[in-house]
Amino acid sequence: MGLVIFGASGDLTMRKLIPSLYSLLQAKRVPKSFFVLGVARTEYSDEAFRTYLKEKLQEHLKDEEKDTETVSLFLSHIHYHTMDPAEEKDYNGLKSKLLELDEVYNNPANYIFYLSTPPNLYGIIPKHLSAVNLNAKGNGAGIEENIRRIIIEKPFGYDLESAHELNLIYEEAFTENQLYRIDHYLGKETVQNIMALRFSNGIFEPLWNRRYIDRIEVTAVENLGIEKRGGFYDNVGALRDMVQNHLIQLLALVTMEPPAVFNAKTFRDEVLKVYQSLRPLSPQDIRTNVIRGQYTASKANNERQLKGYREEEKVNPQSRTETYVAIKVAIDNWRWGGVPFYIRTGKQMPTKVTEIVVHFRKTPHSLFGDAPANALIIRIQPNEGVALKFDMKTPGSGFDVQQVSMDFTYNKLGGVPSGDAYSRLLEDCMRGDATLFTRSDAVEASWTYFTPILKAWEQDEKIPLHGYPAGTWGPKMADQIINDGYSWTNPCKNLTDTDLYCEL
Ligand code: BG6
């Protein structure tokens, strides 16, 4: 199996793909014929590329993963081919190089193409691959037997129209079961665990509906700015970078119906149904239920001076790109009618955390004062786990109650789940399991929901872009979208310390 990485000298390849492939090889989870062919315009020989990767591996591997012998073995499976992925004429050279490597590795011309390039190449590469029959679609001579898959990084499209155009290009060159649109959140163990929690326990599902759930929050925030990615991020913004894919995917997992059996089709059918049930946002909803923000310079905790977004490298000093988004979402179906969902993401927040808070309804009658309602917190990262909040009598006279927490953290199972999201997804793709990858129809359904927001922001200058000081929880206005005077749950690094002590 040959893995061809387009954009081989890029940041994602070095930070994520190469270390993940290394750990798969270390765990002996790659096929015998496995090799990697890095492809990019930068000139490298195999040797020079290996030396470069070796350095990067040292940087990105955990100490316990470093092993000189495995590193040498891994590097011996790495090759490099200089070409311009935008040029059709270069693809014959790629094909010849692959045929050479097939001989060496005894590979029956099975390839996975990984697009880790700037998104403007996503529409070009499949066309060029199919021009030299590397897509293996209907070209006789038994070649249909070969494995030809393509992994496409996000963002898949820029809005509904461009995603649709891309889909048409991919449909032309590949069949749906060859397409693996990657969303690394689905590769996270704790994200997959949402399904285990819901569908493997008898006690939650009966309560998992509008009768017992008051509202649900999904938060994915980070305490970093945009680092060195200004050039990319300034054209993208938080809605395209995080919400249209990761956040809506999390929302789908929390709200989907249980599939009859678990496989790529049934699971993705249920995800799609959620996207199709999202209530479209009217222009008025976009003004009142969607809040966008951008971080401004500040001194966090009176310690570090944090830059404002507009001062970041490669960012337009007048940029109106959002680094924060909060949206109140409604799902129009029988299970969720009337339940508000609040999703938000932001850069330069006080901490890095991703979590889902399911707030249950209050008891119909309060015997013991205004006791807090139950909540179930699903912690995706860090301090991965689940906590159930419920009320207990405070010891002593009278009948005061206080909220307590019953929790499970993954380290009670001997540590945070091993293997990172990319290893899991790369292995799934090698095995031909597309369950955890986004299907064409779901991409378009998600863009159908979000594109009106992007259009409104572009066209209506009156929709405010709120500044928020770096290191804070985002624009104050975001509190106003929450019903009934509730406010956002601002999580801490530690799952169970939320109400008592907050270490940021
Ligand atoms: C990526 C976004 O998809 O997800 C980044 O492009 C973001 O901007 C990252 O930082 C967050 O991923 P994680 O796994 O660290 O939560």
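Predicted model only: the values in this text are computed from it and were never measured.

*Asks:* Help me understand the side chain of Ser 298 in this model?
*Replies:* Residue placement: Ser 298 occurs in strand β9 (residues 298–300). Owing to a relative accessible area of 12%, Ser 298 belongs among the buried residues under this scheme. Within the local environment of Ser 298, its side chain forms a polar contact with the backbone oxygen of Ala 470, the two atoms lying 2.5 Å apart. Here Ser 298 is in contact with Arg 304, Gln 305, Leu 306, Pro 469 and Ala 470, once residues within four sequence places are set aside.

*Asks:* Where do I start with the UniProt feature "active site" (unreviewed entry) in the protein chain in this structure?
*Replies:* Per the UniProt annotation, the sites labelled "active site" (unreviewed entry) are His 246. Within the fold, His 246 resides in helix α9 (residues 237–255). Relative accessible area serves as the criterion here: at 2%, His 246 is assigned to the buried category. Among all residues touching His 246, those that are not within four sequence positions of it are Lys 154, Asp 183, His 184, Tyr 185 and Asp 241.

*Asks:* Sorry if this is basic, but what is going on with the site of the ligand here?
*Replies:* The immediate surroundings of the ligand are formed by Lys 154, His 184, Tyr 185, Lys 188, Glu 222, Arg 229, Asp 241, Met 242, His 246, Lys 347, Lys 352 and Gln 381. With respect to the ligand, the side chain of Asp 241 contributes an N or O atom lying 2.6 Å from an oxygen atom. Against a free-state accessible area of 390 Å², the protein chains account for coverage of 81% of the ligand. Here the element with the most residues in the shell around the ligand is α9; it accounts for three residues. The residue makeup of the shell around the ligand, split by class, is two nonpolar, three polar and seven charged.

*Asks:* Teacher, can you tell me more about the environment of Ile 112 here?
*Replies:* Take Ile 112: it is sitting in strand β4 (residues 111–115). A sequence separation of 248 residues divides Ile 112 from Phe 360, and the C-alpha atoms of the two residues are 45 Å apart. Beyond its immediate stretch of four places on either side in the chain, Ile 112 contacts Met 1, Gly 2, Leu 3, Val 4, Arg 149, Ile 151, Cys 429 and Met 430.

*Asks:* Would you mind showing me how to read the packing of helix α2 (residues 46–60) against helix α3 (residues 68–76) here?
*Replies:* At their nearest, the axes of α2 and α3 sit 10 Å apart, and the two run at 140° to each other. It follows from the interaxial angle that α2 and α3 lie oblique. Crossing handedness for the pair α2 and α3: right-handed. Two secondary-structure elements touch here, α2 through Arg 50, Leu 53, Lys 54 and Leu 57 and α3 through Val 71, Phe 74, Leu 75 and Ser 76. Across the contact of α2 with α3, the residue classes break down as five nonpolar, one polar and two charged.

*Asks:* What should I look at first to understand the environment of Gly 187 in this one?
*Replies:* Inspection of the secondary structure puts Gly 187 in the loop between β6 (179–181) and α7 (189–199). Filtering out sequence-adjacent residues up to four positions away, Gly 187 remains in contact with Gln 192, Ala 421, Arg 424 and Leu 425.

*Asks:* Would you explain the side chain of His 128 in this entry?
*Replies:* On the secondary structure map, His 128 appears in helix α5 (residues 125–131). Once residues within four sequence positions are removed from consideration, His 128 is found in contact with Pro 85, Ala 86, Glu 87, Glu 88 and Tyr 91.

*Asks:* Help me out: how do you make sense of the layout of surface pockets in this one?
*Replies:* With a probe scaled to a water molecule rolled over the atoms, the places where space remains empty come into view. Quantified by volume, the second largest pocket comes out at close to 420 Å³. Surrounding the second largest pocket, 23 residues form its lining, Arg 361, Thr 363, Ala 373, Asn 374 and Asp 391 being those nearest its centre. Of the residues belonging to the lining of the second largest pocket, the class tally is 13 nonpolar, five polar and five charged.

*Asks:* Looking at this structure, how should I read the sheet that holds strand β14 (residues 375–381)?
*Replies:* The mixed open sheet is built from nine strands, whose spatial order is β16-β15-β14-β13-β7-β12-β11-β8-β17. Strand pairing shows two members of the sheet lacking a second neighbour, β16 (401–409) and β17 (465–469), which therefore form its edges. For this sheet, the mean inter-axis angle between neighbouring strands, taken without regard to orientation, is 20°. When strand β11 (residues 324–330) meets strand β12 (residues 340–346), the two strands line up antiparallel, connected through seven bridges. Within β12, the residue paired with Ile 327 across the bridge is Ile 343. Sheet strands touched by α7: β13 (353–360), β14 and β15 (385–393). Its angle to β14, the strand with the most contacts, is close to 150°.

*Asks:* Explain the pattern of salt bridges to me, please; I cannot follow it from the model alone.
*Replies:* Once their charged atoms are close, side chains differing in charge can pair, the charge on each being opposite to the other. This structure, assessed with the given rule, holds 29 salt bridges. In this structure, Lys 66 engages Asp 63 in a salt bridge whose closest nitrogen and oxygen atoms are separated by 3.4 Å. Ionic pairing is found between Glu 355 and Arg 379, a salt bridge with its closest N-O pair at 2.7 Å. Of this pair, Glu 355 sits in strand β13 while Arg 379 sits in strand β14, and the two are 24 residues apart along the sequence. Like Glu 355, the residue Arg 379 is buried in the burial classification. The network of salt bridges with common partners includes Arg 198, Glu 205, Glu 257 and Arg 335.

*Asks:* Would you take a moment to explain helix α13 (residues 440–459) for this structure?
*Replies:* Each turn of an α-helix holds 3.6 residues, which means side chains three or four residues apart point in the same direction. For α13, which comprises 20 residues, the first-to-last C-alpha distance of 28 Å matches the rise-based estimate of 28 Å (1.5 Å per residue) to within 8%. At Phe 450, α13 shows its maximal bend, which comes to roughly 40°, and the proline Pro 452 appears one to four places after that position. Among the 20 residues of α13, 14 are classified as buried, and the element is accordingly described as predominantly covered.

*Asks:* I keep staring at the sheet that holds β4 and nothing clicks. Help me out?
*Replies:* Two modes of strand pairing occur in sheets, parallel and antiparallel, and in both the strands are linked by backbone hydrogen bonds. In spatial order, the strands read β3-β2-β1-β4-β5-β6; together these six strands make up an open sheet with parallel pairing. The sheet is open, and its two borders are formed by β3 (78–82) and β6, each paired with just one other strand. Adjacent strand axes in the sheet meet at a mean angle of 20° when their direction is disregarded. Pairing between β4 and strand β5 (residues 148–152): five bridges, direction parallel. In the strand pairing of β5, Ile 112 is matched with Arg 149. Contacts from α2 reach β2 (35–40) and β3, with the element oriented near 120° to β3.

*Asks:* I'm lost on the packing of aromatic side chains in this one. Help?
*Replies:* Given two aromatic rings, one states the distance between the centres and the angle between the planes to describe the pair. Per the stated rule, a full pass over the model turns up 22 aromatic pairs. When the centroid spacing of 6.4 Å and the interplanar angle of 70° are considered together, the rings of Tyr 295 and Tyr 468 count as edge-to-face. Remark: Tyr 468 occurs in strand β17 and Tyr 295 occurs in strand β8 (residues 290–296); sequence separation between them is 173 residues. You can call Tyr 295 buried: its relative accessible area is 1%. Three or more aromatic residues joined by ring pairs form one cluster here, namely Tyr 233, Tyr 295, Tyr 309, Tyr 324 and Tyr 468.

Criteria and thresholds
- Residues numbered from 1 in each chain as written.
- Predicted model: local features only at pLDDT ≥ 70, side-chain atom pairs only at ≥ 80, totals over all residues.
- Heavy atoms only, no water.
- Helix = DSSP H or I, 4+ residues; strand = E, 2+ residues; numbered from the N terminus.
- Buried < 20%, exposed > 50% of the residue type's maximum accessible area, 1.4 Å probe, protein only.
- Polar contact = N/O pair within 3.5 Å; in protein donor to acceptor, adjacent residues only side chain to side chain.
- Contact = heavy atoms within 4.5 Å.
- UniProt positions renumbered as here; feature names shortened; annotations may be inferred.
- Near = heavy atom within 4 Å.
- Areas by Shrake-Rupley, 256 points an atom, 1.4 Å probe, with all protein chains shown as cover.
- Nonpolar A, V, L, I, M, F, W, Y, C, P; charged D, E, K, R; others polar.
- Axes fitted to C-alpha atoms, helices over the stretch in contact; angles between N-to-C directions.
- Parallel < 35°, antiparallel > 145°, perpendicular 65-115°, else oblique.
- Left-handed = near helix turned anticlockwise from the far one by under 90°.
- 1 Å grid on protein atoms, 1.4 Å probe; cavity = no way out; pocket = protein on both sides within 12 Å on 5 of 7 lines; lining within 4 Å.
- Points joined across faces, edges and corners; volume = space filled by probe spheres on them.
- Pairing = 2+ DSSP bridges.
- Salt bridge = Lys/Arg side-chain N within 4 Å of Asp/Glu carboxyl O.
- Expected span 1.5 Å × (residues − 1).
- Bend = angle between axes of the 7 residues up to and from the residue.
- Phe/Tyr/Trp six-rings, centres within 6.5 Å; stacked < 30°, edge-to-face > 60°.

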